[in-house]
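Single-letter residue listing:
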Amino acid sequence: NTTEDENDIIDQVGFLFDSYEVQYWYFELMEMGRKFIMSALVTYIYPGSAQQLAGALLITMLFLTYFLSASPYVSPVLDILQAFALGGQALTLFYGLALMLNSLGPSVGPVEEAFMKYFVLSLNCALLALPALAFVVNPSNRDKVKRKLSILLSGSWLTLVL
């Protein structure tokens, strides 16, 4: 029976799609494609150069722009978490590009350099705190946020915390 087969498939792989609005069923595939591009392809394009960071920044900004226009998640909390994660990645890449280009020209002062280091570090630490804030702000989304984070962070030490 087709309905039973469809239900079996949904039971097996539905967790990949149930966080997304129906019209954005493909978004998990896009996200996996973005991760592949960032981890595999960008690694081999002009390794260690400003062009590599600029390419990664461009890819991140394209995905961030599309993501912000689509807001594909059913839960607004997940939309916010993903937007902050992509924004943090873009700012980190921008900072890395600025550091690389700065090494080619006149350097900035130690105060400015320390400020940027701590700003980027604080931003990335704040990204780790956002899921906890999502639990506090909207406890009804706790299971969905927890499931999505465990999928995103599979294999990392944060999975143990969740």
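Anyway, here's the lowdown on the structure attached to this text. (Residues numbered from 1 in each chain as written. Predicted model: local features only at pLDDT ≥ 70, side-chain atom pairs only at ≥ 80, totals over all residues. Heavy atoms only, no water.)

Let's talk about the side chain of Arg 34
Tracing the backbone through its elements, the reader meets Arg 34 in helix α2 (residues 27–44). Residue class for Arg 34 comes out buried when judged on its relative accessible area of 8%. (Helix = DSSP H or I, 4+ residues; strand = E, 2+ residues; numbered from the N terminus. Buried < 20%, exposed > 50% of the residue type's maximum accessible area, 1.4 Å probe, protein only.)

Let's talk about the packing of aromatic side chains
Scanning the entire structure with this criterion turns up eight aromatic pairs. Aromatic pair Tyr 20 and Phe 27: ring centres 5.9 Å apart, planes at 45°, arrangement tilted. Both residues of the pair, Tyr 20 and Phe 27, belong to the buried class. Between the aromatic rings of Phe 115 and Phe 119, the centroid separation amounts to 6.1 Å while the plane-to-plane angle is 15°, which identifies the pairing as stacked. Of this pair, Phe 115 and Phe 119 both sit in helix α5 (residues 110–137), four residues apart, which is roughly one turn of the helix. According to the relative accessible area criterion, Phe 115 is exposed, its value standing at 54%. Connected via pairs of aromatic rings, a cluster forms that spans Tyr 20, Phe 27, Tyr 66, Phe 67 and Tyr 73. (Phe/Tyr/Trp six-rings, centres within 6.5 Å; stacked < 30°, edge-to-face > 60°.)

Section: the packing of α2 against helix α4 (residues 76–102)
In the contact formed by α2 and α4, the axes pass within 14 Å of each other and the chain directions differ by 15°. As far as their axial angle goes, α4 and α2 are roughly parallel. Note that α2 runs across α4; the crossing there is left-handed. The residues of α4 that touch α2, namely those facing Glu 31, Arg 34 and Met 38, are Gln 82, Leu 86, Gln 89 and Leu 93. Tallied by class, residues from the contact of α2 with α4 come to three nonpolar, two polar and two charged. (Axes fitted to C-alpha atoms, helices over the stretch in contact; angles between N-to-C directions. Parallel < 35°, antiparallel > 145°, perpendicular 65-115°, else oblique. Left-handed = near helix turned anticlockwise from the far one by under 90°. Contact = heavy atoms within 4.5 Å. Nonpolar A, V, L, I, M, F, W, Y, C, P; charged D, E, K, R; others polar.)

Description of a negative patch on the surface
Residues Glu 4, Asp 5, Glu 6, Asp 8 and Asp 11 make up a contiguous surface patch of negative charge. Mapped onto the secondary structure, Glu 6 falls in helix α1 (residues 2–13). Assessed through its relative accessible area of 45%, Glu 6 is described here as partly exposed. (Patch = residues over 30% accessible without salt bridge, like charges linked within 9 Å, V, L, I, M, F, W, Y side chains within 5 Å. Areas by Shrake-Rupley, 256 points an atom, 1.4 Å probe, with all protein chains shown as cover. Salt bridge = Lys/Arg side-chain N within 4 Å of Asp/Glu carboxyl O. Lys, Arg positive; Asp, Glu negative; His and termini not counted. Charge placed at Lys NZ, Arg CZ, Asp CG, Glu CD.)

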